[in-house]
Amino acid sequence: MPVEARRVKGNLELKTPLVKASSRLPLPGSRLKRGPDQMEDALEPAKKRTRGLGAVTKVNITRPRGPPLRTAPQTHGQTAVYNSCVTCNSLVLRNQKPAPAAPAAPAPKPAGKKPGKRPAWDLKGQLYDLNEELKRYREKNQALDRDNQQLQEQLKEAQQQAKTLGTECSTLEEELTRVRTQAEQGQQELGHLRAHVSEIEEQLSTKEELLQELQKEQLELQEERRALATRLEEQERRQQALEAALSSSQAEVVCLRQETASQATLLAERGDQLHGLEMERRRLHNQLQELKGNIRVFCRVRPVLAGEPVPSSGFLLFPPGPAGPSDPPTCLSLSRSDDRRATLSGAPAPPTRHDFSFDRVFPPGSRQDEVFEEISMLVQSALDGYPVCIFAYGQTGSGKTFTMEGGPGEDPQLEGLIPRALRHLFSVAQEMNGQGWTYSFVASYVEIYNETVRDLLATGTRKGQGGECEIRRAGPGSEELTVTNARYVPVSCEKEVEALLHLARQNRAVARTAQNERSSRSHSVFQLQISGEHAARGLQCGAPLNLVDLAGSERLDPGLALGPGERDRLRETQAINSSLSTLGLVIMALSNKESHVPYRNSKLTYLLQNSLGGSAKMLMFVNISPLEENVSESLNSLRFASKVNQCVIGTARANKK
């Protein structure tokens, strides 16, 4: 706002209340008629009127502040100086009391008042004083404006000087940087020269030492030449003595050859004895496995995972083994409470306890190496020529895949049965090489999903094409079964097996279920065809090792409402339960010696029929969950495993040629 406009506005604000107040005084010559109230006011004492007008004389004489002057851009320090000057001037103006001005028309002074102070009723005189005081303030304001203008000009000159000094400072800094760079380069060159001088001095010292060594070596060689000449004379004398001893040694060689022939004959006899002992070992090993049972059932309880509720203390019990607490457990006791049952008094019925007995029971704390130690002798039977089949059975999330393949990562403590079994076979086969046996291993890995066979080792465009794989006889009149269009990969070390397992995990059909985030929805069958040959004796043996990870065995809920996305899970579950039921029927038919065994009712049993018959050895792992919410599925799995454990197939026979 301009200065003149602010001044006019201040005058208006100052004059307005004075006009209003003066209207209350009785002016001479007024033509207005007074009423009764006005007459009463006129007759009031002078003290009351003066007290009434005292409020009117309190006029705000401070000039309203306008917006700051628009000047050239200032730095932070310059702005602070300017603001402080303006603030100080404002404080002086506020604290300074206005000086009384001479009235335009002198008025009579009331009695009792001090000289120089106008009476309260002299409003014109007070207005005159205020105008004079306002004029003085305006003059002071103009003087302050001139001072401010001079300060701004001085500030501009200081800014210009600062700019000039900044330019000179930048130039000096650049010059200093250039000088420092040259100094650093000189120091580097000086360091290089010093290093070069040191290197030359070291080379000179080395050559001097080499010269001294060569001179010393020359003296030594001369001494050695004289010594060699002496030795040559001695060797010539010894040669004559050796030629005389050679004739006697030839006679001894003839005797040694005769002894070698007798040792070879003895070694052949020892080899026959060792072969006989190996055959006896195989017979006794097989007899021991038969005594344990050609169908064995192990139960394994997985540990409680993080985030799962801890079951009650009496939910799962593991009684000690037959020989006492030091003997591994073979029994499992599971309690189940039924809220639908109650006593006559209305109290809930006590929980029902179910006892099961198996060949071996592994509590939740059992390690992977403990589990494999129990089946290592069974895996050895496959190397001896006996078909072996190991199943992992149980509901989804009970630890079947962990038992067969192992846990995630490369922790050797978490390796499953498949990598441990192949490592054991490779190690034993290497030991058997010393006895004349050579073994070869061919691996395949397939899955059976909705009664369709898929190759888990397929790569490229053949991934997921299960319709091309069919189960066929290897040849006319052959009992061996093979899967068409499936990869059969020769393996000879652990690294090759790990690569196959990694590829199979990527190709296997999984889905999210209520029990598991990634549930296996198919049966996976890892087959290792073992072929052994003893070339010296013309012996051959061969047998398959089947390691099967069955799909989840949970039952269907008939009251479950299925949406469009859950119909695939329904078909998968129906196919899984159908194949598991067929597996139970096949085992029962083999145990009962029935004439017809329904192998062809399921692709799983049809593929494994040569490893389920009387010449095979079978082991089933029943995996159960430790959670009370899965007690119904755990009981179904334990009951099925108990039926299998009661079956007896017969005497196993080795596949020898």
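What counts, and at which threshold
- Residues numbered from 1 in each chain as written.
- Predicted model: local features only at pLDDT ≥ 70, side-chain atom pairs only at ≥ 80, totals over all residues.
- Heavy atoms only, no water.
- Helix = DSSP H or I, 4+ residues; strand = E, 2+ residues; numbered from the N terminus.
- Buried < 20%, exposed > 50% of the residue type's maximum accessible area, 1.4 Å probe, protein only.
- Contact = heavy atoms within 4.5 Å.
- Areas by Shrake-Rupley, 256 points an atom, 1.4 Å probe, with all protein chains shown as cover.
- UniProt positions renumbered as here; feature names shortened; annotations may be inferred.
- Polar contact = N/O pair within 3.5 Å; in protein donor to acceptor, adjacent residues only side chain to side chain.
- Expected span 1.5 Å × (residues − 1).
- Pairing = 2+ DSSP bridges.
- Axes fitted to C-alpha atoms, helices over the stretch in contact; angles between N-to-C directions.
- Salt bridge = Lys/Arg side-chain N within 4 Å of Asp/Glu carboxyl O.
- pLDDT = per-residue confidence, 0-100.
- Parallel < 35°, antiparallel > 145°, perpendicular 65-115°, else oblique.
- Left-handed = near helix turned anticlockwise from the far one by under 90°.
- Nonpolar A, V, L, I, M, F, W, Y, C, P; charged D, E, K, R; others polar.
- Patch = residues over 30% accessible without salt bridge, like charges linked within 9 Å, V, L, I, M, F, W, Y side chains within 5 Å.
- Lys, Arg positive; Asp, Glu negative; His and termini not counted.
- Charge placed at Lys NZ, Arg CZ, Asp CG, Glu CD.
- Core = buried A, V, L, I, M, F, W, Y, C linked by side-chain atoms within 4.5 Å.
- Phe/Tyr/Trp six-rings, centres within 6.5 Å; stacked < 30°, edge-to-face > 60°.
- Lys NZ or Arg CZ within 6 Å of the ring centre and 35° of its normal.

A. The overall build of the chain, seen in detail. The helix and strand tally for the chain stands at twelve helices and 16 strands. When burial is assessed residue by residue, the chain has 34% of its 657 residues classed as buried. Nonlocal contacts in the chain, meaning residues at least 24 apart in sequence, comprise 71% of its contacts between residues at least 6 apart. Roughly 41,000 Å² of accessible area belongs to the chain as shown, and the carbon and sulfur atoms make up 55% of that amount.

B. Quick look at the UniProt feature "binding site: ATP" (unreviewed entry) in the chain. With numbering matched to this structure, UniProt assigns "binding site: ATP" (unreviewed entry) to Gly394, Gln395, Thr396, Gly397, Ser398, Gly399, Lys400 and Thr401. Here Gly399 is to be found in the loop between strand S6 (388-394) and helix H7 (400-404). The residues touching Gly399, leaving out its near neighbours within four places in the chain, are Arg302 and Asn623. Relative to the elements of secondary structure, Lys400 occurs in helix H7. The contact partners of Lys400, leaving out residues within four places of it in the chain, are Ala392, Tyr393, Gly394, Gln395, Asp549, Leu550, Ala551, Gly552 and Asn623. One polar contact links the side chain of Lys400 to the main-chain carbonyl oxygen of Gln395, over a distance of 3.0 Å.

C. Fine view of helix H10 (residues 567-591). Relative to the 36 Å expected for 25 residues at 1.5 Å per residue, H10 spans 36 Å between its end C-alpha atoms, a close match to the ideal helical length. The positive-phi residue at the C-terminal boundary of H10 is Lys593, with phi of around 55°.

D. Inspection of the sheet that holds strand S3 (residues 331-336) at higher detail. With antiparallel pairing, the three strands of this open sheet are ordered in space as S2-S3-S4. Of all the strands in the sheet, the pair left with one neighbour each is strand S2 (316-317) and strand S4 (352-357). Relative to S3, helix H12 (residues 631-645) is tilted by about 145°, and along the sheet it contacts S3 and S4.

E. Seen up close, the pairing of strand S1 (residues 295-301). For S1, the buried fraction is high: seven of the seven residues fall into the buried class. Residues of S1 alternate between two faces, with Ile295, Val297, Cys299 and Val301 on one and Arg296, Phe298 and Arg300 on the opposite face, all of them buried. Sheet analysis places S1 next to strand S16 (residues 617-624), joined by seven bridges and oriented parallel. Within the sheet, the bridge partner assigned to Cys299 lies in S16 and is Val622. Judged from the three bridges that link them, S1 and strand S5 (residues 360-362) form a sheet pairing that is parallel.

F. Fine view of the pattern of salt bridges. Following the criterion strictly, the structure yields twelve salt bridges and no others. Members of the salt-bridge network, linked through shared partners, are Arg118, Asp122 and Asp129.

G. Here's a closer look at the confidence of the model for the chain. Taken residue by residue, the chain gives an average pLDDT of 77. The fraction at 70 or more is 72%. The lowest-confidence element of the chain is helix H4 (residues 76-95), averaging 40 in pLDDT; the highest-confidence one is strand S11 (residues 489-491), averaging 94. Note on residues 7-115: pLDDT under 50 across the span, and 94 contacts to partners over four residues away in sequence or across chains. In the predicted structure, residues 514-518 sits below a pLDDT of 50 and forms ten contacts with residues beyond four places in sequence or in another chain.

H. Here's a closer look at the packing of helix H8 (residues 417-432) against helix H9 (residues 494-507). One can describe the packing of H8 onto H9 by two numbers: an axis separation of 10 Å at closest approach and a directional angle of 155°. When the axes of H8 and H9 are compared, the pair comes out roughly antiparallel. Our pair here, H8 against H9, has a crossing hand that is right-handed. Contacts from Ile418, Pro419, Leu422, Arg423 and Phe426 in H8 reach Glu494, Val497 and Leu501 in H9. Here the residues of the contact of H8 with H9 are counted per class, giving six nonpolar, no polar and two charged.

I. Structural detail: a negative patch on the surface. Side chains of Glu208, Glu209, Glu213, Glu217, Glu220 and Glu224 sit close together on the surface and give a patch of like negative charge. Position of Glu217 relative to the elements: it lies in helix H5 (residues 123-292). Using a relative accessible area of 40% as the deciding quantity, one classes Glu217 as partly exposed.

J. Spatial organisation of the nonpolar core. Core analysis: the biggest nonpolar cluster contains 51 residues, and Cys299, Phe391 and Leu612 have the highest contact counts within it. If one sorts the elements of this core by residue count, H10 sits on top with seven residues. Beyond its immediate sequence surroundings of up to four residues, Phe391 is in contact with Val548, Leu550, Leu583, Leu608, Leu612, Met618, Leu619, Met620 and Phe621. The next biggest cluster of nonpolar side chains, apart from the first, holds 44 residues, and it includes Leu383, Ala443, Leu545 and Leu619.

K. Broad picture of H8. The end-to-end C-alpha separation of H8 is 22 Å, in line with the 22 Å expected for 16 residues at 1.5 Å each. Residues of H8 that are buried: Leu417, Ile418, Pro419, Arg420, Ala421, Leu422, Leu425, Phe426, Val428, Ala429 and Met432.

L. Spotlight on unusual backbone geometry. Positive phi is not limited to glycine here, since Asn450 has a value of about 55°. The residue Asn450 is located in the loop between strand S7 (437-449) and strand S8 (452-455) in this model. Not every positive phi belongs to a glycine, and Glu451 is a case in point at roughly 60°. Among the structural elements, Glu451 can be located in the loop between S7 and S8.

M. Representation of the packing of aromatic side chains. With the rule as written, the count across this model stands at eight aromatic pairs. Considering the side-chain rings of Phe426 and Phe441, the 5.2 Å spacing of their centres and the 80° angle between planes classify their relative orientation as edge-to-face. Of this pair, Phe426 sits in helix H8 while Phe441 sits in strand S7, and the two are 15 residues apart along the sequence. Phe441 matches Phe426 in its accessibility class, with the two residues each being buried. Over the aromatic face of Tyr386 sits the side chain of Lys617, whose NZ or CZ is 5.1 Å from the ring centroid.

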